[in-house]
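The residues making up each chain are set out below.
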Amino acid sequence: MICKTFPLEAGHSYRYVVVLSQYQGRLLLSRHKERTTWETQGGHIEAGERPETAACRELYEESGALEYTLRPLCGYWAGEEDGDGADGAVFLAEISRLGPMPPWEMAEIHSFEALPENLTYPAITPVLFREAQATGWF
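Everything numeric here is computed off the predicted structure, so don't read it as measured data. (Residues numbered from 1 in each chain as written. Predicted model: local features only at pLDDT ≥ 70, side-chain atom pairs only at ≥ 80, totals over all residues. Heavy atoms only, no water.)

Moving on, we come to the packing of aromatic side chains. A complete count under the given rule lists three aromatic pairs for this structure. On the numbers, 5.3 Å between centres and 70° between planes, the contact of Trp-38 with Phe-112 is edge-to-face. Residue Trp-38 is located in the loop between β3 (26–32) and β4 (41–44), and its partner Phe-112 is located in strand β7 (residues 106–112); the two are separated by 74 residues in the primary sequence. Each member of the pair Trp-38 and Phe-112 is classed as buried. Within the aromatic cluster, the residues linked to one another by ring pairs are Phe-129, Trp-137 and Phe-138. (Phe/Tyr/Trp six-rings, centres within 6.5 Å; stacked < 30°, edge-to-face > 60°. Helix = DSSP H or I, 4+ residues; strand = E, 2+ residues; numbered from the N terminus. Buried < 20%, exposed > 50% of the residue type's maximum accessible area, 1.4 Å probe, protein only.)

Spelled out as structure tokens, the structure:
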């Protein structure tokens, strides 16, 4: 699998959102109930939903974030070298207050000083974090 980043395009129909989150100066990742690996908050953009709205929804659903600032970072495409894949919009979140995490799909959140080895999406997450680091975000 490969992952490429590009500038966000206004009006583009992205399929996913990814939110790279910080809480108290550390990376905040989530663990899905069905996995033992760590992932960023994010997911599908619902029909008629703007990427920014989807990012806010997913951030809350997967971390319990109540207060935060959110800003766009980039677009990305991930898939196979034959061209089969999907694209999404990436956002940066600085979380100032967490509440209880909704009980739907995530088991827990954890803060890290650096990306852990056991990532759910090892071909995508490091590429997006490098893009964020290039802006001085982390």
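With that settled, the discussion passes to the environment of Ile-109. As for its position among the elements, Ile-109 is in strand β7. The sequence separation of Ile-109 and Trp-38 amounts to 71 residues, and the corresponding C-alpha distance is 8.6 Å. Residues within four places of Ile-109 in sequence aside, it is in contact with Leu-28, Leu-29, Ser-30, Trp-38, Glu-62, Ser-63, Leu-98 and Met-101. (Contact = heavy atoms within 4.5 Å.)

Moving on: unusual backbone geometry. Phi angles above zero are rare outside glycine, and Gln-24 is one such case at about 55°. Structurally, the position occupied by Gln-24 is in the loop between β2 (16–23) and β3. Under the relative-accessibility criterion, Gln-24 is labelled exposed at 63%.

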